[in-house]
Amino acid sequence: MSLVLASSWLTMAIAGLGIGFLVGCTGVGAGALTTPMLVGGFGVPPAVAVGTDLLFAAITKATGAWRHHRLGNVDWAVLGWLAAGSLAASLAVLAWLYLGAPDTTRLAVTIKRGLSVALVASAIAIPLYPLLRRAPSAEGEAPPRRLRPLATLTLGLVLGGLVTLTSVGAGAIGVVALCALYPSLLARSIVGTDVVHAVPLTMLSGLGHLGLGHVDLGVLAAMLAGSIPGIALGSRLTGCLPDWSLRLALSLVLLGAAWMLLAKA
């Protein structure tokens with residue numbers, strides 16, 4: 001039976017609309033906002049909120065990933081090392097959840113605390129991205145970049161474990177970390193690589209949580225019903241509002257969500 005009654009679906013769809021709008025405007029925020037909203041606002045168990053949000057993120061980012069691929073915005077060498085680490089870490093966390101059978105009460109507390117830390121990191125990372133990204137050259141072409149396999153693999157390991165346990169980190173944290181590792185890459189390549197990387201990571205993690213029974217399909221459907229038009233609306237209005245104001249508002253929301261989760265942990 002769904003964790004959310006039919007009468008609550010409209011409210012959840014409206015919440016999805018708001019999240020989709022922010023994602024369309026800023027490009028980040030789906031994972032960082034959805035899970036704390038489900039836990040704090042709708043009373044969904046943390047593990048179920050994480051699993052549902054992972055599939056939500058995989059579906060919503062798939063279209064954007066294909067668009068970035070067609071536009072040539074993906075650095076496949078960087079993506080390969082990043083995915084090698086993140087998918088391995090995701091499998092390791094899922095194996096622990098399957099085989100270790102951790103106590104659900106203690107796991108809920110662990111997820112809440114880990115999620116709070118990830119939210120604070122995201123809140124700091126979101127405003128930093130415009131400061132770290134490189135302005136495009138006159139020709140619009142990216143200068144040569146030096147591949148850093150070990151550092152990229154390590155970043156993937158961290159992101160994979162964090163995303164699988166909390167559903168947060170693939171977006172804002174991943175983008176800022178890539179900016180620090182590859183400052184010569186154009187902003188569109190950083191974003192494109194991060195978005196494409198997030199799809200297999202969130203899909204693998206989400207399917208793993210689905211196998212554990214940590215996904216509520218009713219919640220997922222309600223969120224998608226609101227987020228899809230919200231993303232379209234936000235994308236159209238993205239030029240009407242200052243980017244800094246949207247990022248600042250998103251950071252404050254994330255800090256508030258982190259505070260609420262810590263207070264309930």
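Residues numbered from 1 in each chain as written. Predicted model: local features only at pLDDT ≥ 70, side-chain atom pairs only at ≥ 80, totals over all residues. Heavy atoms only, no water.

The next thing to look at is the overall build of the chain. Scanning the chain for helices and strands turns up 10 helices and 0 strands. Along the chain direction, N to C, the helices and strands of the chain fall in the order α-α-α-α-α-α-α-α-α-α. When the 265 residues of the chain are sorted by exposure, 49% land in the buried category. Of the contacts made within the chain by residues no fewer than 6 positions apart, 86% connect residues no fewer than 24 positions apart. As displayed, the chain has an accessible area near 12,100 Å², and 71% of this comes from carbon and sulfur atoms. (Helix = DSSP H or I, 4+ residues; strand = E, 2+ residues; numbered from the N terminus. Buried < 20%, exposed > 50% of the residue type's maximum accessible area, 1.4 Å probe, protein only. Contact = heavy atoms within 4.5 Å. Areas by Shrake-Rupley, 256 points an atom, 1.4 Å probe, with all protein chains shown as cover.)

A cluster of nonpolar side chains, namely V120, I124, L128, L131, L248, L252 and L255, defines an oily patch on the protein surface of about 640 Å² accessible area. With respect to the secondary-structure elements, I124 resides in helix α5 (residues 104–132). (Patch = residues over 30% accessible without salt bridge, like charges linked within 9 Å, V, L, I, M, F, W, Y side chains within 5 Å. Salt bridge = Lys/Arg side-chain N within 4 Å of Asp/Glu carboxyl O.)

Put simply, helix α6 (residues 149–166) and helix α8 (residues 187–211) touch, their axes get as near as 10 Å, and they point 45° apart. The angle between α6 and α8 falls in the class oblique. Considering only the axes of α6 and α8, their crossing is right-handed. Touching L159, G160, V163 and T164 of α6 are H197, L201, T202, S205 and H209, all from α8. (Axes fitted to C-alpha atoms, helices over the stretch in contact; angles between N-to-C directions. Parallel < 35°, antiparallel > 145°, perpendicular 65-115°, else oblique. Left-handed = near helix turned anticlockwise from the far one by under 90°.)

Here we take up helix α7 (residues 172–181). By the criterion of burial, α7 is predominantly enclosed, with 8 of the 10 residues buried. For α7, the set of buried residues is A172, I173, G174, V175, V176, L178, C179 and L181.

Right, let's talk about unusual backbone geometry for a bit. Even without being a glycine, S167 presents a positive backbone phi close to 70°. Its location among the elements puts S167 in the loop between α6 and α7. By relative accessible area, which is 8% here, S167 ends up buried.

With 25 residues, helix α4 (residues 76–100) ought to run about 36 Å at 1.5 Å a step, and its terminal C-alpha atoms sit 34 Å apart, in line with that. Buried within α4 are the following residues: V78, L79, L82, A83, G85, S86, A89, S90, V93, L94 and L97. Looking at where α4 begins, the residue whose side-chain oxygen comes 3.3 Å from the main-chain nitrogen of A77 is D75. Looking at the residues trailing α4, positive phi occurs at A101, about 45°. (Expected span 1.5 Å × (residues − 1). Polar contact = N/O pair within 3.5 Å; in protein donor to acceptor, adjacent residues only side chain to side chain.)

Turning our attention to the nonpolar core. For soluble globular proteins, the rule of thumb is that nonpolar side chains tend to be buried together. With 28 residues, the main nonpolar core has M12, M37, L38, L119, M223 and L254 as its most contacted residues. For this core, the elements supplying multiple residues, two or more each, are α1 (9–26), α2 (30–42), α3 (46–70), α5, α9 (217–237) and α10 (243–264). Core analysis: the second largest hydrophobic core is formed by 15 residues, L82, I173, L185 and I190 among them. (Core = buried A, V, L, I, M, F, W, Y, C linked by side-chain atoms within 4.5 Å.)

For the rest of this paragraph, the subject is the side chain of T202. Along the chain, the position of T202 falls in helix α8. One polar contact links the side chain of T202 to the main-chain carbonyl oxygen of V199, over a distance of 3.2 Å. The contacts of T202, once residues within four sequence positions are left out, are L54, A57, A58 and V163.

Structurally, the position occupied by S90 is in helix α4. Here S90 falls in the buried class, since its relative accessible area comes to 0%. Within the structure, S90 has its side chain in polar contact with the side chain of S205 (distance 2.8 Å). Apart from residues no more than four positions distant in its own chain, S90 is found in contact with G160, T164, L201, L204 and S205.

Glancing now at the confidence of the model for the chain. Scored by pLDDT, the chain comes out at a mean of 80, with 80% of its residues at no less than 70. α10 is the least confidently modelled element of the chain, averaging 70 in pLDDT, while α4 averages 94, the highest of any element. (pLDDT = per-residue confidence, 0-100.)

Our focus in this paragraph is the environment of V176. As for its position among the elements, V176 is in helix α7. In the structure, V176 is positioned 47 residues away from Y129 in sequence and 5.5 Å away in space, judged by C-alpha atoms.

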